Amino acid sequence: MEMLDPDTRRLLRSMLSLKEMNRVAIGVMIHNEAGNLPGLLERLRTESIEGVYPDPIVVVSSGSTDESEAIVEQVAREDDRVHLISENERRGKAHAINQFLDQYTSEADICILISGDVLPESGALARLVEPLRRPDVGMTGGRVIPVNPRHTPVGQIVHALWALHHAVARRQPKLGEMVAFRSSIGRLDPRTPVDEASIEAKVIGTHQRLVYVPEARVYNRGPANIAELIQQRQRIWRGHRWLRKHTGYTVATYRLRDLMLPAIGHLIRHPLTLPGLIAATLIEIWSRLEARHSKAPLPTVWAILSSTKAPIQPS
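In this report, the structure presented in the accompanying data block is examined. Nothing here was measured: the structure is a model prediction, and the numbers come from that model.

Cut-offs and rules
- Residues numbered from 1 in each chain as written.
- Predicted model: local features only at pLDDT ≥ 70, side-chain atom pairs only at ≥ 80, totals over all residues.
- Heavy atoms only, no water.
- Helix = DSSP H or I, 4+ residues; strand = E, 2+ residues; numbered from the N terminus.
- Polar contact = N/O pair within 3.5 Å; in protein donor to acceptor, adjacent residues only side chain to side chain.
- Contact = heavy atoms within 4.5 Å.
- 1 Å grid on protein atoms, 1.4 Å probe; cavity = no way out; pocket = protein on both sides within 12 Å on 5 of 7 lines; lining within 4 Å.
- Points joined across faces, edges and corners; volume = space filled by probe spheres on them.
- Nonpolar A, V, L, I, M, F, W, Y, C, P; charged D, E, K, R; others polar.
- Core = buried A, V, L, I, M, F, W, Y, C linked by side-chain atoms within 4.5 Å.
- Buried < 20%, exposed > 50% of the residue type's maximum accessible area, 1.4 Å probe, protein only.

### Focus: the side chain of N36
Along the polypeptide, N36 turns up in the loop between β1 (22–30) and α2 (37–46). Among the polar contacts made by the side chain of N36, one reaches the main-chain carbonyl oxygen of G116 at a distance of 3.0 Å. With residues up to four places along the chain from it excluded, the contact list for N36 reads G116, D117, V118, P311 and I312.

### Comments concerning empty space enclosed by the protein
According to the stated counting rule, one finds one cavity of 30 Å³ or more in the structure shown. Taken as a whole, the largest cavity spans an internal volume of roughly 40 Å³. Along the walls of the largest cavity sit R233, I236, W237, H240, T253, Y254, E284 and R288, which together make up its complete lining. Per-element accounting of the lining of the largest cavity gives the leading share, four residues, to helix α8 (residues 226–247). Among the residues making up the lining of the largest cavity, the classes are represented as three nonpolar, two polar and three charged.

### Thoughts on the nonpolar core
The biggest cluster of nonpolar side chains holds 37 residues, and the ones touching the most others in it are I26, L44, I112, I114, L125 and M178. With five residues, the top contributor of residues to this core is strand β8 (residues 209–220). If sequence neighbours within four positions are ignored, M178 has contacts with L113, I114, P120, A124, L125, L128, T140, G141, G142, A216, R217 and V218. Counting residues in each nonpolar core, the second largest holds 34 residues, with A169, F181, I185 and A291 among its members.

In structure tokens, the structure reads:
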């Protein structure tokens, strides 16, 4: 349908009953993602989801100073599903998500949130949405695959962390980077520093299930140096502590003892990853200790990790 002219597409949409298809609103949160945006938007525009019409595709740009907004505006002239929300300054990812939810999801059944620095595998959105056809499912998340080179020490650690995340999520869903949920979930607390985990908490509060969809693969780039990796792990841990304090909800990776069995199972299947997993464990313990004893106020706007921002090439 994306090949038709805008007037024809609008006519066809009006003729299709919501009983025959779900409307999916896609939100992409960005800050200076000009390198990755062209490939990401092309992937989102060309995705085909059976029984679902992805519309709108909304990019929320928070304080971008590069060519990101010009890229979105150019694509929007070619595809009327694409929209730009421009924020003059960064006020936190949760605030940006609320802008998307407030302005573009009133007619949508399902929302998909995607970070601006990742790239879904072709077909990933269809796999992500499929479990939400069941009424007891409230949120889904895909499998994150880092593109960091495995031959570097930090690359080994990043791959070990995401492999452990995958092992844990298969037992108890822990969702992030690319998630789908019902639009009825409502706005997020703008103070939250962990947006996907906060959505998890809201879904659990409605007595619906979380579903991890490992077949819905999304590629990301982890930190390329130890300092940024520790900084990232500290901020995530501080965010999860904030969420537990304010909502009582704990993510599947909150307690280190809950990671032991998945880690052992992963090592049995992949024994050569032992060095990376040991290093990842030490970094995780150190980061959690540092975050636990930090006296600094918890920000909702995080420092940019520059080594994670190189564009991801389509596969």
